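This is what each chain is made of:
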Amino acid sequence: MSLLRFCEWLAATPGSIALHESRYMYLIVLTVHVMTLCLFVGTAVMVDLRLLGLTMQSVRVSEVMTRLLPWTSAGFVLTIISGTLLFYAAPLSRYENIFFRAKMVALLLAGINILAFHNTVYRRVAEWDLDPIPPRRARVMGGFALVLWALIITLGRLIPYQVYWFN
């Protein structure tokens, strides 16, 4: 089954139709998505700024991670759940949307960046934990993450406006 066929099937399910046609539920899910995105990205930005050595230089990187990662993780999980519901409400529209596709690619790159950071640089955090400015590789990964979060938010905001850009 192709992705297009899957989206067509998904759009025809009663849940998708009900969510799409609901007067309030779609807006509630959208609001939850934006609010949890604020929690997720806000805490991720604080971590990334610490990795760049631009903030909290006297605080151990491991302490910043320990305190913020639970909030970041909770925001991420809720953002993914609400984002999935938003996709479920209009799968064909999202499938055909270039901004949505670009957002998914950027989200995948952000996930790869996070995994790479935790599986490489962060494994040796004990060596540089107290450094006001972390090693170059940590700074590069933190900076790349900041760029990706800004791109993901921008692309997400452009999704409803594709009709103005492309006819």
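Just above, that's the structure.
How each quantity is defined
Residues numbered from 1 in each chain as written. Predicted model: local features only at pLDDT ≥ 70, side-chain atom pairs only at ≥ 80, totals over all residues. Heavy atoms only, no water. 1 Å grid on protein atoms, 1.4 Å probe; cavity = no way out; pocket = protein on both sides within 12 Å on 5 of 7 lines; lining within 4 Å. Points joined across faces, edges and corners; volume = space filled by probe spheres on them. Helix = DSSP H or I, 4+ residues; strand = E, 2+ residues; numbered from the N terminus. Nonpolar A, V, L, I, M, F, W, Y, C, P; charged D, E, K, R; others polar. Contact = heavy atoms within 4.5 Å. Salt bridge = Lys/Arg side-chain N within 4 Å of Asp/Glu carboxyl O. Axes fitted to C-alpha atoms, helices over the stretch in contact; angles between N-to-C directions. Parallel < 35°, antiparallel > 145°, perpendicular 65-115°, else oblique. Left-handed = near helix turned anticlockwise from the far one by under 90°.

Colleague: Looking at this structure, how should I read the layout of surface pockets?
Modeller: Vacant regions in the atomic arrangement are exposed by a probe of water-molecule size rolled over the atoms. Within this model, the largest pocket holds a volume of roughly 690 Å³. Forming the walls of the largest pocket are 27 residues, and the residues nearest its centre are His33, Leu86, Lys103, Gly156 and Ile159. If you list the elements that add at least two residues to the lining of the largest pocket, you get helix 3 (25–51), helix 4 (61–89), helix 6 (98–119) and helix 8 (136–158). The element contributing the most residues to the lining of the largest pocket is helix 3, with 8 residues. Considered as a void within the structure, the second largest pocket measures approximately 350 Å³ in volume. Taken together, 18 residues form the lining of the second largest pocket, with Leu69, Thr72, Ile114, His118 and Trp149 sitting closest to its centre. If you list the elements that add at least two residues to the lining of the second largest pocket, you get helix 3, helix 4, helix 6 and helix 8. Class assignment of the residues belonging to the lining of the second largest pocket gives a composition of 12 nonpolar, 5 polar and 1 charged.

Colleague: What is the right way to read the environment of isoleucine 98 from this model?
Modeller: Summarising the element assignment, isoleucine 98 is placed in helix 6. Residues isoleucine 98 and phenylalanine 166, 68 residues apart in the sequence, show an inter-C-alpha distance of 9.4 Å. Those residues in contact with isoleucine 98 that sit more than four places away from it in its chain are Gln162 and Phe166.

Colleague: Would you take a moment to explain the pattern of salt bridges for this structure?
Modeller: Side-chain pairs of opposite charge can arise where the charged atoms are in close proximity. Counted by the stated rule, this structure contains 4 salt bridges. With a shortest N-O distance of 3.3 Å, arginine 67 and glutamate 63 are connected by a salt bridge. Here the residue arginine 67 and the residue glutamate 63 both occupy positions in helix 4, the gap between them amounting to 4 residues, near one helical turn. Residue glutamate 127 pairs with arginine 124 through a salt bridge whose shortest N-O separation is 3.9 Å.

Colleague: Even after reading the chapter, I still don't get the packing of helix 4 against helix 6, so can you show me in this structure?
Modeller: Each pair of packed helices gets described by two things: the angle between the helix axes and the distance between those axes. Between helix 4 and helix 6, the shortest axis-to-axis distance is 14 Å and the interhelical angle comes to 155 degrees. When the axis of helix 4 is compared with that of helix 6, the two are roughly antiparallel. Considering only the axes of helix 4 and helix 6, their crossing is left-handed. Residues Met65, Leu69, Ile80 and Phe87 of helix 4 pack against Phe100, Leu107, Phe117 and His118 of helix 6. Partitioning the contact of helix 4 with helix 6 into residue classes produces 7 nonpolar, 1 polar and no charged.

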